[in-house]
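The primary structure of each chain is shown beneath.
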Amino acid sequence: MTPPGVTGSDRAQLEAVLALVQEVLGADLVGAYQHGSAVLGELRPRSDLDVLVVSRRGTTTSERRALVDRLLRISGAPKPGAPRPIELIVVEERAIRPWRYPPHLDFLYGEWLRPELEAGRLTPGSSTESPDLAVLITMALAGSRPLVGPPPSEVFAPVPPDDLRRAMVAGVEDLLAELGADTRNVLLTLARIWTTLATGSVVTKDRAADWALPRLPARPAAVLERARAIYLGEVEEDWTDLADEVAPCAQSLVRRIEAVRRHQAST
């Protein structure tokens, strides 16, 4: 089923993803769960449709190819008027229950991977460590929105708070490497990491910005405010006038992340 909050073209797109997953995995599909904006609040104009799938086994090369080939047609570019970008993750049941850190993923599709997927390079298999799964599972459990299968509390083990914090910090270096190509998302994700470390709650990216903005100096706050406005669809994505301030804003956020983590480690 699709949740009540997903309507129109989003519902049709999500149903197409679920039909694909059921077709490929068949009886080995344990469940499919939403995470991200759809469960933390509501889908924003630039939100992805995020689906976390649990399978009784790993996918084969031919199954991963079938998923990619169809998702390249279902998923849209991250721009106004296009179908929403899809992020689809498949994990093996044994990789996430009982819980152990770091978790491993079996399959990943995201629009940032489109060039290499179109070139025929498949995403790695089940040996791939993915600390970020700790965050996604936490969101899936909090939202409790099964698309297919039992409630997430029957499928996922709770993520210990320290593993959630470790997972969020583990992604910082990779995020910074994408700052130029994905400025809005990187800045908002850094704000969410800071917010989660400081408060213990995982929130939407715009709400993380709301929390962070009054705690930042004026110049980095102006950059983060632009990222928030773009995410909410209030302005077009344009960093021309703030180009020199983007990296300092990111570093300002990273310093605050590191400060919270040091404080937590010492207590």
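Residues numbered from 1 in each chain as written. Predicted model: local features only at pLDDT ≥ 70, side-chain atom pairs only at ≥ 80, totals over all residues. Heavy atoms only, no water.

Q: Explanation requested: the confidence of the model for the chain in the structure shown.
A: Fine structural detail should not be taken from predicted coordinates in areas where pLDDT scores are low. For the chain, the mean per-residue pLDDT works out to 89, and 90% of the residues sit at or above 70. Per-element confidence in the chain ranges from a low mean pLDDT of 66 for helix H2 (residues 37–40) to a high of 96 for helix H11 (residues 218–231). (pLDDT = per-residue confidence, 0-100. Helix = DSSP H or I, 4+ residues; strand = E, 2+ residues; numbered from the N terminus.)

Q: Just checking my understanding: could you explain the nonpolar core for this structure?
A: In summary, soluble globular proteins display a tendency toward joint burial of nonpolar side chains. By size, the foremost hydrophobic cluster in this structure holds 84 residues, and its most contacted members are Val 53, Leu 71, Leu 88, Phe 156, Leu 187, Leu 190 and Leu 224. Take this core: its biggest share by element is eight residues, from helix H9 (residues 183–199). In this structure, Val 53 is in contact with Val 21, Leu 25, Leu 29, Gly 31, Ala 32, Leu 88, Ile 89, Val 90 and Val 91, ignoring residues within four places of it in sequence. (Core = buried A, V, L, I, M, F, W, Y, C linked by side-chain atoms within 4.5 Å. Buried < 20%, exposed > 50% of the residue type's maximum accessible area, 1.4 Å probe, protein only. Contact = heavy atoms within 4.5 Å.)

Q: In this structure, what is going on with the packing of aromatic side chains? I would like to understand it.
A: Each aromatic ring pair is summarised here by two numbers: the centre-to-centre distance and the angle between the ring planes. Within the structure shown, the criterion is met by two aromatic pairs. For the pair Tyr 33 and Phe 156, a centre-to-centre distance of 5.3 Å together with 75° between the ring planes defines the contact as edge-to-face. Linking Tyr 33 in strand E1 (residues 29–34) with Phe 156 in the loop between strand E7 (146–148) and helix H7 (161–170), this pair joins segments that are 123 residues apart in sequence. By relative accessible area, Tyr 33 is classed as buried at 1%. (Phe/Tyr/Trp six-rings, centres within 6.5 Å; stacked < 30°, edge-to-face > 60°.)

Q: Please explain the pairing of E1 as it appears in this structure.
A: Successive side chains on a regular strand alternate, one facing one side of the sheet and the next facing the other. Burial within E1 is extensive, with six of its six residues counted as buried. With five bridges connecting them, E1 and strand E2 (residues 49–55) associate as antiparallel partners. Bridge pairing in E2 links Gly 31 to Val 54. Pairing of E1 with E7, which is carried by two bridges, proceeds in the antiparallel orientation. Looking across to E7, one finds that Ala 32 is bridged to Val 148. (Pairing = 2+ DSSP bridges.)

Q: Would you mind showing me how to read the sheet that holds strand E3 (residues 86–92) here?
A: Backbone-to-backbone hydrogen bonds pair the strands of a sheet. The strands run either parallel or antiparallel. Spatial ordering of the open sheet is given by E5-E3-E2-E1-E7, a layout of five strands whose pairing is mixed. Where the open sheet ends on each side, the last strands, each with one partner, are strand E5 (107–109) and E7. The mean inter-strand angle of the sheet, taken between neighbouring strand axes irrespective of direction, is 20°. Judged from the three bridges that link them, E3 and E5 form a sheet pairing that is antiparallel. The residue of E5 that forms the bridge with Leu 88 is Tyr 109. Its contacts with the sheet place helix H1 (residues 8–25) against E1, E2, E3 and E7, and it is angled at close to 20° to E2. Lying on the sheet, helix H3 (residues 61–74) is in contact with E3 and E5; it crosses E5 at an angle near 15°. (Axes fitted to C-alpha atoms, helices over the stretch in contact; angles between N-to-C directions.)

Q: Could you clarify how one ought to interpret H3 in this entry?
A: Given 3.6 residues to a turn, an α-helix orients residues that are three or four positions apart in the same direction. Taking 1.5 Å per residue as the helical rise, H3 with its 14 residues ought to reach 20 Å, and the 20 Å between its terminal C-alpha atoms agrees with that figure. If you follow the buried residues of H3, they end up packed against H1, E3, E5 and helix H5 (114–118). (Expected span 1.5 Å × (residues − 1).)

Q: Looking at this structure, I do not really get the side chain of Arg 84. What am I missing?
A: Among the secondary structure elements, Arg 84 is positioned in the loop between H3 and E3. At 2.9 Å, the side chain of Arg 84 forms a polar contact with the side chain of Asp 10. (Polar contact = N/O pair within 3.5 Å; in protein donor to acceptor, adjacent residues only side chain to side chain.)

Q: What is the right way to look at the pattern of salt bridges in this model?
A: Oppositely charged side chains can form a pair if their charged atoms are brought close together. Scanning all chains against the criterion turns up 16 salt bridges. Across the salt bridge formed by Glu 118 and Arg 114, the nearest N and O atoms sit 3.2 Å from each other. One end of the pair is Glu 118 and the other is Arg 114, both in helix H5 and four residues apart, which spans about a single turn. Judged by relative accessible area, Arg 114 falls into the buried class, the value being 18%. The salt bridge partner of Arg 166 is Asp 163, with a shortest N-O separation of 3.0 Å. Taken together, the residues Arg 166 and Asp 163, both in helix H7 and three residues apart, mark about one turn of the helix. Among the charged side chains, a salt-bridge network with shared partners connects Asp 28, Arg 57 and Glu 63. (Salt bridge = Lys/Arg side-chain N within 4 Å of Asp/Glu carboxyl O.)

Q: For this particular structure, what's the right way to read the packing of H1 against H3?
A: Packed helix pairs are specified by the crossing angle of their axes together with the interaxial distance, meaning the distance between the axes. Across the interface, H1 lies against H3 with an axial gap of 10 Å and an inter-helix angle of 165°. As the angle between them shows, H1 and H3 are arranged roughly antiparallel. Once H1 is placed against H3, the crossing between them reads as right-handed. Side by side, H1 and H3 meet where Gln 13, Ala 16, Val 17, Leu 20, Glu 23 and Val 24 of the first sit next to Glu 63, Ala 66, Leu 67, Arg 70, Leu 71 and Ile 74 of the second. A breakdown of the residues in the contact of H1 with H3 according to their chemical character gives eight nonpolar, one polar and three charged. (Parallel < 35°, antiparallel > 145°, perpendicular 65-115°, else oblique. Left-handed = near helix turned anticlockwise from the far one by under 90°. Nonpolar A, V, L, I, M, F, W, Y, C, P; charged D, E, K, R; others polar.)

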